[in-house]
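# Understanding the architecture of this molecule
Given next are the chains, with one letter for each unit.
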Amino acid sequence: MAPALLSLFCNHYQIPLAQPKRELLAQVLKSFSAIPYENLSKIIRANEELSSHFFQTPEELLVGHFPTGSGGTCFPLTATLASIIQEIGFEAASIVTRK
């Protein structure tokens, strides 16, 4: 988890960091909902790059989203939101289940 992820996110969405944690969390959640679930940019990237690195890191997801509006798939979105929530000071974990 990058220590600057919360600052990067809040700076982009103009969310003040100096506020109570619950209010900060509420604003982060509202703004995070603007990041779309999408995989087209991942398909394009896979065709352009000869890499086995398919999973977006939280930093890659945000840096890709800010200028282009791209999003992520379920695991990168979850990892990014969990990282930001942890930086605020709350516990967050990803859980994978199967039917």
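Structural notes, computed from the coordinates. Quick caveat: nothing in here was measured; it's all calculated off a predicted structure. (Residues numbered from 1 in each chain as written. Predicted model: local features only at pLDDT ≥ 70, side-chain atom pairs only at ≥ 80, totals over all residues. Heavy atoms only, no water.)

When you go through the chain residue by residue, the secondary structure sums to five helices and zero strands. Along its sequence from the N terminus, the chain presents helices and strands in the succession α-α-α-α-α. Across the 99 residues that make up the chain, the buried fraction comes to 29%. Carbon together with sulfur atoms contributes 60% to the accessible area of the chain, which is approximately 6,600 Å² in total. (Helix = DSSP H or I, 4+ residues; strand = E, 2+ residues; numbered from the N terminus. Buried < 20%, exposed > 50% of the residue type's maximum accessible area, 1.4 Å probe, protein only. Areas by Shrake-Rupley, 256 points an atom, 1.4 Å probe, with all protein chains shown as cover.)

Before going further, it helps to examine the packing of helix H1 (residues 5-12) against helix H2 (residues 21-32). In contact at an axis separation of 11 Å, H1 and H2 are set at 70 degrees when each is read in the N-to-C sense. With respect to H2, the element H1 is oriented roughly perpendicular. The chirality of how H1 crosses H2 is left-handed. Taken together, the residues of H2 that come into contact with H1 (itself represented by Leu6, Phe9 and Cys10) are Leu24, Val28, Ser31 and Phe32. By residue class, the composition of the contact of H1 with H2 is six nonpolar, one polar and no charged. (Axes fitted to C-alpha atoms, helices over the stretch in contact; angles between N-to-C directions. Parallel < 35°, antiparallel > 145°, perpendicular 65-115°, else oblique. Left-handed = near helix turned anticlockwise from the far one by under 90°. Contact = heavy atoms within 4.5 Å. Nonpolar A, V, L, I, M, F, W, Y, C, P; charged D, E, K, R; others polar.)

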